[in-house]
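# Per-entry structural report
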Amino acid sequence: MTNLNRALLSSIAALALLAATAGIAAAHHSFVAFNMNEEKTVTGTVNKVEWTNPHIWIWIDVPDGKGGNANYGFEGMSPNFLERRNWTRATLKVGDKITVSYRPLRSGENGGMFMTGKMETGKILTMQGGREGE
Amino acid sequence: MTIPKKLLLSATAILFAVSIGSISAQQYVTKKPAASDWSALANLPDFNGVWERGGAAPRGNAGQAPNAAAPRGGAAPAAGAPRGGAAPAAGAARGGAPATGGQAATAPAAAQRGAGGRGGRGGGMQLNPEYEAKSRAYQASAPEDNTTANCLPPGMPGIMTQPYPMEFLLTPGKVTIVIEAYTQVRHIYTDGRKLPEDPDPKFFGTSVGHWEGDTLVAESIGFSPSIRLAPGVAPSDKMRIVERFRLADPDNMTIETTITDPVVLAAPYTTSSNLRRHREWTIEEYICEENNRNSVDSSGKAGIDLTPPGTNSSK
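Keep in mind the model is a prediction, meaning the values are calculated, not measured. (Residues numbered from 1 in each chain as written. Chains lettered and ligands numbered in written order. Predicted model: local features only at pLDDT ≥ 70, side-chain atom pairs only at ≥ 80, totals over all residues.)

### Quick word on the overall build of chain B
From N to C terminus, chain B includes six helices and eleven strands. Here chain B holds 315 residues, and the buried ones make up 40% of them. Long-range pairs, those at least 24 residues apart, make up 58% of the contacts in chain B between residues at least 6 apart in sequence. (Helix = DSSP H or I, 4+ residues; strand = E, 2+ residues; numbered from the N terminus. Buried ≥ 20, exposed ≤ 12 C-beta atoms within 10 Å, placed from the backbone. Contact = placed C-beta atoms within 7 Å.)

### Examining the pairing of strand β3 (residues 174-179) of chain B
Residue and element names in this part refer to chain B. Only one face of β3 is buried, namely the one carrying V175, I177 and I179, since none of K174, T176 and V178 on the opposite face is buried. Relative to β3, strand β2 (residues 166-171) runs antiparallel, the two sharing six bridges. When the bridges of β3 are listed, M166 appears paired with I179. Where β2 folds back onto β3 in an antiparallel hairpin, the turn is made up of two residues, including G173, whose phi is positive at roughly 80°. By the bridge criterion, six bridges tie β3 to strand β4 (residues 184-189) in an arrangement that is antiparallel. Residue pairing in the sheet places V178 in a bridge with V185 of β4. In this antiparallel pair of consecutive strands, β3 and β4, the connection spans four residues, and Y182 shows a positive phi of 65°. (Pairing = 2+ DSSP bridges.)

### Considerations on the sheet that holds strand β6 (residues 215-221) of chain B
All names here are of chain B. Read once around its circumference, the closed barrel built from nine strands follows the order β1-β2-β3-β4-β5-β6-β7-β8-β9, with strand pairing classed as mixed. Here the strands of the sheet are splayed against their neighbours by 30° on average, with no regard to which way each runs. Summarising the sheet, strand β7 (residues 240-249) and strand β8 (residues 252-260) pair through nine bridges and their orientation is antiparallel. Following the sheet pairing, L247 is matched in β8 by M253. (Axes fitted to C-alpha atoms, helices over the stretch in contact; angles between N-to-C directions.)

### Section: the confidence of the model for chain B
Residue and element names in this part refer to chain B. Per-chain confidence: chain B averages 77 in pLDDT, with 68% of residues scoring 70 or above. Within the model, the stretch residues 56-123 combines pLDDT values under 50 with 171 contacts to residues more than four positions away or in other chains. When the criterion is pLDDT under 50, residues 311-315 qualifies, and its contacts beyond four places in sequence or with other chains add up to four contacts. The complex model carries a pTM of 0.74, and its ipTM stands at 0.77. (pLDDT = per-residue confidence, 0-100.)

### So, the nonpolar core
Membership of the largest hydrophobic core comes to 40 residues, with the highest contact counts inside it found for L127(B), M156(B) and V233(B). For this core, the elements supplying multiple residues, two or more each, are β2, β3, β4, β6, β7, β8 and β9 (269-277) of chain B. Those residues in contact with M156(B) that lie beyond four places of it in its chain are F203(B), F204(B), G205(B), S220(B), F223(B), I227(B) and I241(B). In this structure, V49(A), I56(A), W57(A) and M127(A) belong to the second largest nonpolar core, which totals 21 residues. (Core = buried A, V, L, I, M, F, W, Y, C linked by C-beta atoms within 7 Å.)

### Observations regarding the environment of P201(B)
With respect to the helices and strands, the residue P201(B) is situated in the loop between β4 and β5 (206-212). Apart from the residues within four sequence positions on either side, P201(B) is in contact with G222(B), F223(B), S224(B), P225(B) and D237(B).

Okay, here's the thing in structure tokens:
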């Protein structure tokens, strides 16, 4: 794929994402807590999924390199919204390995707004649903 | 046996007082529906059911498209294209929302930004100069977040444009709209009662409706000063909202909303939105206080609670 195509794709994806998240803000809150201009990625193990309104929270343990784990929290959409887009409360299970791309918290604390999650199987999860990885 | 006249008079007076009291508290006594009232519902347009925002360029489908948002993958261009095509128009319906989300503002302001798109009619909302200035001043130093972060519902008209479904229920003399977002309910009385002369201020106002052919016309007055007509601007107690609901086709409903407020608005403001039917959906529970980690304090500063959940919780 050429760089131009890739850039174009990114733009389209960004636009679509903007449109997709547009409704989210109206649903509940603005994105003040998150740095929407930054995207970070972290890999860890699911230790808890709060399948709750108004937002789900996905908590993962990330090895801290010192033999322990750091706890990361990611805010997602609501169960209502997600269940209409092929998620269930069992989509993510405790113990699942996942690589999360997210908009980091402005405070610098561990976590942020969940964008996409890549499972060990290659399956990609987004707040608009899940699909098999390429 | 003779009942003393005086006692009889007192009893009558008490009964009278009680009945007046209950009537004025209720303001209107709902009639018992006859079988014919129930069967008459069959002649009304098929509004019953679950609907969500989205229209001819349906949000229902658009809801799938943002898979294109997944950053990589061949699906993006294909899925992105229809979205992109819809964007200018849908922008009016949806794109306006985020800006307003942070401002406690509502649909009209969203439509204002998206003026010229689908549904936008006659350009933006025109505020009277005093309120225009007030709104600008507010936006110049807007709080980080609005009270919906604390789970306070937005009220009218914003509650009608949430990214969650609504269920319409028609019963004799009433149209009920069950709104999933924030678990809210609107009551539109179609039994011929009049709007109250001096209604208590409410988030959704007080509503009555009537049918003009296949169109449900709902009129609402008496809105809470807690709601927002534009960023930083509450409606006056003279605000009136008229909504015209009709089926564009069996599974698409159009709502034309006209807002008048002789104090705040320089001219009536009209916008329209589309709902798409989802027969495969049911309205779900939405308890905003269940696990709300967002907040905004009285100075407008936003917060987020990152306390990890108890690991032994059964949530």
